[in-house]
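Understanding the architecture of this molecule
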Amino acid sequence: MHHIALSDVNIVLVEPSDTQRKIIIKQLAAANVLKVEATGSVKQAIDTISKHGADLVVSAMYFEDGTGLDIIKNIKNNETHAATPFMLVSSENRTEKLEEFKQAGVAAILPKPFSPDSLSKALNTSLDLINTDELELDLFDIQDVRVLLVDDSKLARNHIRRVLKGLGLEKILEAENGAEALTLLKDNTFDLVVTDYNMPEMDGRELSEFIRFNPETAHIPIIMVTSESTSSLHMANIHQTGVNALCDKPFEVNEVRKMLASLLGQD
């Protein structure tokens, strides 16, 4: 188990405005985050992270030389730094812009302007990805739970797998679409399915229906991950397919821990 306090966290802050940088550094200090290296561009951020690493990257969305998406993709596609949590701080509220970050495995999204409370909540959510505690189950070892993870985005799969591994889940098979998932379900036994909702070809809802209607797999708990802050109608629609739990992207450790405890903890 690896535990790190906020005061020990090394943060790389990426913010183009000098004034905003000072304000955020001051707010971080008030939240007891003292080790902050400030950068102002995509290039500087990527250089700093590749030279010194970071425990957490806190970044704005738009820069003269690119966007925060360039930074998060660079981190997630680099084996050394792939596990580094990325927190977006932005006043951007267009769904499709935020959607790209959710798909890329952002740890937390903090809207600007933010209160000290929402800052520390986002910091703690991001830290949960580093500070992992294995989930204790009454009936069996979490390491023995066999998981099928289905998402068409490799970055999103990597992020979800990292959260699950942090909770102690070791046996994870991945599928990048519903058809591949069905093949895996036919040839393997699983204790849990974690699937994205939006996927081409066969979406998470159709996959869940297949799992529910097939007597061999009908009992497997399904967690549906959706990045849509969706209408209740849409949600009711998903629930009818027999999904056991709905989880938002960003996929948060504590939320998932609670879900798994209730889904896997029963006789």
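Above this text is the structure in question.
Computed from a predicted model, the values in this text were never measured in an experiment. Numbers given for residues are sequential positions, taken from 1 along each chain in its written order. The predicted nature of this model means local features are confined to residues of pLDDT at least 70 and side-chain atom pairs, given and counted, to a pLDDT of 80 or more, with totals for whole chains, interfaces and linings taken over all residues. Think of the side-chain values as coming from all heavy atoms in the structure, minus any hydrogens and water.

**Comments concerning the nonpolar core**
Defined as follows: For the purposes of this section, nonpolar cores are sets of buried Ala, Val, Leu, Ile, Met, Phe, Trp, Tyr and Cys residues that join through side-chain atoms within 4.5 Å. For the exposure calls, accessible area comes from a 1.4 Å probe over protein chains only, and a residue counts as buried if that area is under 20% of its type's maximum, exposed if over 50%, partly exposed in between. In this description a helix means any DSSP run of H or I spanning at least four residues, a strand means any run of E spanning at least two, and both kinds are numbered starting from the N terminus. Contacts are assigned to residue pairs that have any heavy atoms within 4.5 Å of one another.
In terms of nonpolar packing, the biggest core is built from 27 residues, with Leu164, Val194, Ile223, Phe251 and Leu260 touching the most fellow members. Within the residue set of this core, elements represented by two or more residues are strand E8 (146-150), helix H6 (154-166), strand E10 (192-196), strand E11 (222-226), strand E12 (245-248) and helix H10 (253-264). No other element matches the six residues that H10 contributes to this core. Excluding anything up to four places from it in sequence, Val194 contacts Val147, Leu148, Leu149, Val150, Ile160, Leu164, Ile223, Val225 and Phe251.

**Brief notes about the packing of aromatic side chains**
Test applied: Pairing of aromatic side chains here covers Phe, Tyr and the six-membered ring of Trp, requires ring centres within 6.5 Å, and sorts the geometry by plane angle: under 30 degrees stacked, over 60 edge-to-face, intermediate tilted.
A complete count under the given rule lists one aromatic pair for this structure. Aromatic side chains Phe86 and Phe101 sit 6.2 Å apart centroid to centroid with 25° between the ring planes, which places their arrangement in the stacked category. One end of the pair, Phe86, is in strand E6 (residues 86-90); the other, Phe101, is in helix H4 (residues 95-103), with 15 residues separating them in the sequence. Assessed through its relative accessible area of 1%, Phe101 is described here as buried.

**Thoughts on the sheet that holds strand E3 (residues 56-59)**
Where we set the bar: The criterion for strand pairing is that DSSP finds at least two bridges linking the strands in question. Helix axes are fitted only over the stretch in contact, all axes being lines through C-alpha atoms; the angle between N-to-C directions runs from 0 to 180 degrees.
Strand order across the open sheet formed by five strands is E2-E1-E3-E6-E7, with parallel pairing between neighbours. Looking at the sheet topology across the chains shown, the edges are occupied by strand E2 (35-39) and strand E7 (108-111). The mean inter-strand angle of the sheet, taken between neighbouring strand axes irrespective of direction, is 20°. Bridging between strand E1 (residues 10-14) and E2 involves five bridges; their strand directions are parallel. Counted as the bridge partner of Asn10 is Lys35 from E2. Its contacts with the sheet place helix H2 (residues 42-52) against E1, E2 and E3, and it is angled at close to 140° to E2. Across the sheet, helix H5 (residues 116-128) touches E1, E3, E6 and E7, and the angle it forms with E7 is around 170°.

**Concerning the pairing of E1**
Our working rule: A clockwise course of the path from the first strand over the helix to the second, judged with the strands pointing away from the viewer, identifies a crossover as right-handed.
In terms of residue burial, E1 counts as a mostly covered element, since four of its five residues are buried. Between the parallel elements E1 and E2, the chain passes through helix H1 (residues 18-30) in a crossover that is right-handed. Two elements, E1 and E3, share four bridges in a ladder whose sense is parallel. Following the sheet pairing, Ile11 is matched in E3 by Leu56.

**Concerning the sheet that holds E10**
As summarised here, the arrangement of the five strands in space is E9-E8-E10-E11-E12, forming an open sheet in which the pairing is parallel. Looking at which strands have only one partner, the edges of the open sheet turn out to be strand E9 (171-175) and E12. Strand-to-strand, the axes of this sheet are offset by a mean angle of 20°, without reference to chain direction. H10 contacts E10, E11 and E12 of the sheet and is inclined by roughly 170° relative to E12.

**Comments concerning the pattern of salt bridges**
Applied cut-off: By definition, a salt bridge exists where a carboxyl oxygen of Asp or Glu is found within 4 Å of a side-chain nitrogen of Lys or Arg.
In the structure shown here, the tally under the stated rule is nine salt bridges. Across the pair Arg21 and Asp18 runs a salt bridge, and its minimum N-O distance is 3.1 Å. Of the two residues, Arg21 and Asp18 both sit in helix H1, three residues apart, roughly one turn of that helix. Note that Glu174 is salt-bridged to Arg157, the shortest N-O span being 2.7 Å. With Glu174 in strand E9 and Arg157 in helix H6, this pair connects stretches of sequence that are 17 residues apart. The exposure class assigned to Glu174 is partly exposed, which follows from its relative accessible area of 24%. By relative accessible area, Arg157 is classed as buried at 8%. One salt-bridge network, in which partners are shared between bridges, spans Asp18, Arg21 and Lys22.

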